[in-house]
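Fold and contact review
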There are 2 protein chains.
Amino acid sequence: MTQNFRALITTVPFGEENILPRTMLDAAGIDYLVNPLNRRLKEDELADMVGDFEVLIAGTEPITDKVMSRAKRLKLISRVGIGLDSVDLLAAERRGIKVSYTPDAPAPAVAELTMGLILSLLRSIPIADRRIRAGQWKRESGRRIGECTVGIIGVGRIGTRVLRHLEGFRPRAVLLNDVAPRPMALPASVKWATKEEIYANADVITLHLPLSPHTRMLIGREQLLSMKPDAVLINTSRGGIIDEAALAAVLTEGRLAGAGIDVFEVEPYYGELARIERCVLTAHMGSMSIDCRAQMEIEATEEAVRYFTGQPLAGLVPSLEYDARRLVAVG
Amino acid sequence: MTQNFRALITTVPFGEENILPRTMLDAAGIDYLVNPLNRRLKEDELADMVGDFEVLIAGTEPITDKVMSRAKRLKLISRVGIGLDSVDLLAAERRGIKVSYTPDAPAPAVAELTMGLILSLLRSIPIADRRIRAGQWKRESGRRIGECTVGIIGVGRIGTRVLRHLEGFRPRAVLLNDVAPRPMALPASVKWATKEEIYANADVITLHLPLSPHTRMLIGREQLLSMKPDAVLINTSRGGIIDEAALAAVLTEGRLAGAGIDVFEVEPYYGELARIERCVLTAHMGSMSIDCRAQMEIEATEEAVRYFTGQPLAGLVPSLEYDARRLVAVG
């Protein structure tokens, strides 16, 4: 009798730039299957695929109650990354399925991509590059971070790093917003502010929030129109936080200087923003630096190996994440 | 009798994002003509245009002895920017034409564009953006500055600022090279190095040099092949320092991870690099942030106004720049 596959790896790519995660699974004698569709799975695809696997090493595909109802032997969802919006935590809890994640690993890569998108937009780098490739030479005027007020909405692992990167550019001011402003020593040019103050005053606005019922469609037409007409908006956190249709409409109407978007409501993304010149779009690559991606895959795989070898799990999602879901569930 | 135009402004754009330079000329009663071709002039075009003007408010077009021989009344060349490679300083001196420049104004904008190009290359931002616009979604792996050794060749006004911007990213190491290493307090991860050490060890190499006989074709095939096969190379200083044909050849052969080039031997640039995917090309936009460009135009215009109103000039090119040319001329 051949051994069954015991772990399903849905996230792709996996173990490509750094093969250590695959080596770890092999060394522990764990048979695994990597997502044969080689792209983000839809709910029904995952439900059909999940079968008898005990462990999911998961990306951002929807792991819903329906999926779990089809996963008769599932014991652990080990998320490669930090976002939990794709996982029905309360359903997992009811079904006795543990959920782990790698909250620290992606932050350095996401923060650097954010800086890249800010500079790309302020200086029209992809626009100039496209034009030169099309035989057009035009010196575009831009703005410097050093002349901008930057608003950071969400000052957790990633927002804090963006703040540190920004400091070397001496922005005119940085406005921080979070549901729970933490005690931090801040230079005189950095201060806490409301979202509305950020919309009204920031030249650059960057989002570093989880997707939750509180943040879904946070930035709609009204918020976009309350921003400075020449503001640039960056989202490297989660699709669904910005209303993409409203963003496309507002940009088409000539408002905002640009948008840098790495995450979309539906991925792969082929929507209207891709036809607007002053957008800079990337393919959910925030965490995709070789080092951070490897770290995420390694940490999530280590957790799977702990499960299979009977060691205590080390990356479990903390109870406050479940509590937050319960609060939303009751209203 | 109508008054003749007295100042020729060859640099374009001029007074567009900030109209103050034009206002200053008008207020001083100085009639001026702005380059009617609205692009960088060639030597013969400038020679034909220079006529009876007393002052040139100049871009990077060649201001040669031949041009000056046609400029019977020229008294001042006021360069908008820092580079003097386009001006025959010794011919100007012989003819009694003063040369001024604005060496500090462009540095902040050039340093920020440099950071934008580094991040664009390390994370494949323009590649991802082009692909999504073409209906292709592919998550590209990249590298973080935080994992890189960065080499800065030329540590003057701009290189020093690039170093400061980099520090917020905590690069693994920074290697500095200059003809005259200055005493600077450096963190442990930053040290002086030879160019050869930088070629051999840096993951990111950025050039911040003037164009001179010493730097022309500094980076040829041999130097490119001595770089790490996955290095990225940035040039926001001057065309002519990198051998563009050699760079295109080496990239086509599969060496180097990419090149970010803002300056070219011949501008506008329509050459081979524009057909290589992993180049990021911009249109000599280093100084083109609204604030720095305005500052450059204002400073160069102030100098012109000083000349016309009989005040002492304040932005004259220092004598060591002339001495350097004399050294080259004799040996």
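Residue numbers run consecutively from 1 along every chain, following the written order of its sequence. In the order they appear in the text, chains get letters beginning with A and ligands get numbers beginning with 1. Given that this is a predicted model, residues contribute local features only at a pLDDT of at least 70 and side-chain atom pairs are listed and counted only at 80 or more, while totals for whole chains, interfaces and linings are drawn from all residues. Values reported for side chains reflect all heavy atoms of the structure, with hydrogen atoms and water molecules removed beforehand.

**Let's talk about the overall build of chain A**
Going by this rule: A run of H or I in DSSP counts as a helix once it spans at least four residues, and a run of E counts as a strand once it spans at least two, with each numbered from the N terminus. The globule rule is 2.2 Å times the number of residues to the power 0.38, and the radius of gyration it is compared with is taken over C-alpha atoms. Relative accessibility thresholds used throughout: buried, under 20% of the residue-type maximum; exposed, over 50%; partly exposed, between the two (1.4 Å probe, protein chains only). In this analysis, two residues are considered to be in contact whenever any of their non-hydrogen atoms come within 4.5 Å of each other. Under the convention used here, a 1.4 Å probe and the Shrake-Rupley method define accessible areas, while residue burial counts only the protein chains that appear.
When its secondary structure is counted, chain A shows 12 helices and 12 strands. Radius of gyration (C-alpha) of chain A: 21 Å, near the 20 Å computed for a compact globule of 331 residues. For chain A, the spread of C-alpha atoms along the three principal axes comes to 70 × 50 × 35 Å. Buried residues in chain A amount to 57% of all 331 residues. In chain A, once contacts between residues fewer than 6 apart in sequence are set aside, the share between residues at least 24 apart is 62%. When the accessible area of chain A is evaluated, it comes to approximately 13,300 Å², of which 52% is carbon and sulfur surface.

**Looking at the sheet that holds strand β2 (residues 32-34) of chain A**
The strands making up a sheet are joined through hydrogen bonds of the backbone, oriented either antiparallel or parallel. Residue and element names in this part refer to chain A. Let me state the cut-off plainly: A pair of strands is treated as paired once DSSP finds two or more bridges between them. Only C-alpha atoms enter the line fits that serve as axes; for helices the fit covers just the stretch in contact. Angles between N-to-C directions range over 0 to 180 degrees.
Taking strand neighbours across the sheet as the criterion, the 5 strands line up as β2-β1-β3-β4-β5 in an open arrangement whose pairing is parallel. Unpaired on one side and paired on the other, β2 and β5 (98-100) mark the two borders of the sheet. The average undirected angle you get between the axes of adjacent strands in this sheet is 15 degrees. Two strands pair when backbone bridges link them, and strand β4 (residues 76-79) and β5 are joined in this way by 3 bridges, in the parallel orientation. Looking across to β5, one finds that Ser-78 is bridged to Ser-100.

**So, empty space enclosed by the protein**
Empty space left among the atoms is revealed by rolling a probe the size of a water molecule over them. What counts is decided by this rule: In this analysis a 1.4 Å probe is tested at points of a 1 Å grid over the protein atoms alone, and where it fits but cannot get out there is a cavity; an open set with protein on both sides within 12 Å along at least five of seven lines is a pocket; lining residues have an atom within 4 Å of a point. Grid points are joined across faces, edges and corners, and a volume is the space filled by probe spheres set on the points.
Per the counting criterion, the structure on display carries 3 cavities of 30 Å³ or more. In this structure, the largest cavity occupies an estimated 70 Å³ of space. Along the walls of the largest cavity sit Pro13(A), Phe14(A), Gly15(A), Glu16(A), Glu17(A), Asn18(A), Ser289(A), Ile290(A), Arg293(A), Ala294(A), Glu297(A) and Ser141(B), which together make up its complete lining. Lining the second largest cavity, in full, are Asn235(B), Gly239(B), Gly240(B), Ile242(B), Glu244(B), Leu247(B), Ile261(B), Val263(B) and Leu273(B).

**A few points about the packing of helix α6 (residues 125-133) of chain A against helix α6 (residues 125-133) of chain B**
Which entries qualify depends on this criterion: For this classification, under 35 degrees means roughly parallel, over 145 means roughly antiparallel, 65 to 115 means roughly perpendicular, and everything else is oblique. Take the far helix as the reference: if the near one is turned anticlockwise from it by less than a right angle, the crossing is left-handed, and if turned clockwise, right-handed.
At a minimum axis distance of 10 Å, the contact between α6(A) and α6(B) shows a crossing angle of 65 degrees. In terms of axis orientation, α6(A) runs roughly perpendicular to α6(B). With respect to the hand of their crossing, α6(A) and α6(B) are arranged in right-handed fashion. Contacts between α6(A) and α6(B) involve Pro126(A), Asp129(A), Arg130(A) and Arg133(A) from the former and Pro126(B), Asp129(B), Arg130(B) and Arg133(B) from the latter.

**Thoughts on the sheet that holds strand β7 (residues 173-177) of chain B**
Residue and element names in this part refer to chain B. Read across the sheet, 7 strands follow the order β8-β7-β6-β9-β10-β11-β12 without closing on themselves; strand pairing throughout is parallel. In this open sheet, the two strands that pair with only one neighbour each are β8 (190-192) and β12 (279-281). In this sheet, neighbouring strand axes are inclined to one another by 15 degrees on average, regardless of whether the strands run parallel or antiparallel. Here strand β11 (residues 258-261) pairs with β12 via 3 bridges, running parallel. When the bridges of β12 are listed, Ile-261 appears paired with Leu-281. Contacting β9 (204-207), β10 (232-235), β11 and β12, helix α5 (residues 107-122) runs over the sheet at an angle of about 155 degrees to β10. The sheet contacts of helix α7 (residues 157-167) involve β6 (149-153), β7, β8 and β9, and relative to β6 the element is tilted by about 165 degrees.

**Side note on the interface of chain A and chain B**
Condition: Buried area counts how much accessible surface, traced with a 1.4 Å probe, disappears from two parts once they are put together, with both parts' losses summed. One speaks of a salt bridge when a side-chain nitrogen belonging to Lys or Arg is within 4 Å of a carboxyl oxygen belonging to Asp or Glu. Polar contact is defined as a pair of N or O atoms within 3.5 Å, subject to the rule that within protein one atom must be able to donate a hydrogen and the other to accept it, and that residues adjacent in sequence are counted only when both atoms are side-chain atoms.
With 62 residues of chain A at the contact, the number on the chain B side is 62 residues. Summing the contributions of chain A and of chain B, the shared interface buries around 5,400 Å²; its carbon and sulfur component is 58%. Inspection of the chain A/chain B interface yields 6 salt bridges. Among the ionic pairs, Asp291(A) bridges to Arg144(B), the shortest N-O distance being 2.7 Å. Counting across the chain A and chain B interface gives 35 residue pairs in polar contact (both at pLDDT 80 or more). Broken down by secondary-structure element, the contributors of at least two residues to the side of chain A that touches chain B are α5 (107-122), α6, α7 (157-167), β12 (279-281) and α11 (290-308) of chain A. Among the elements that take part in the side of chain A that touches chain B, α5(A) stands out by supplying 9 residues, more than any other.

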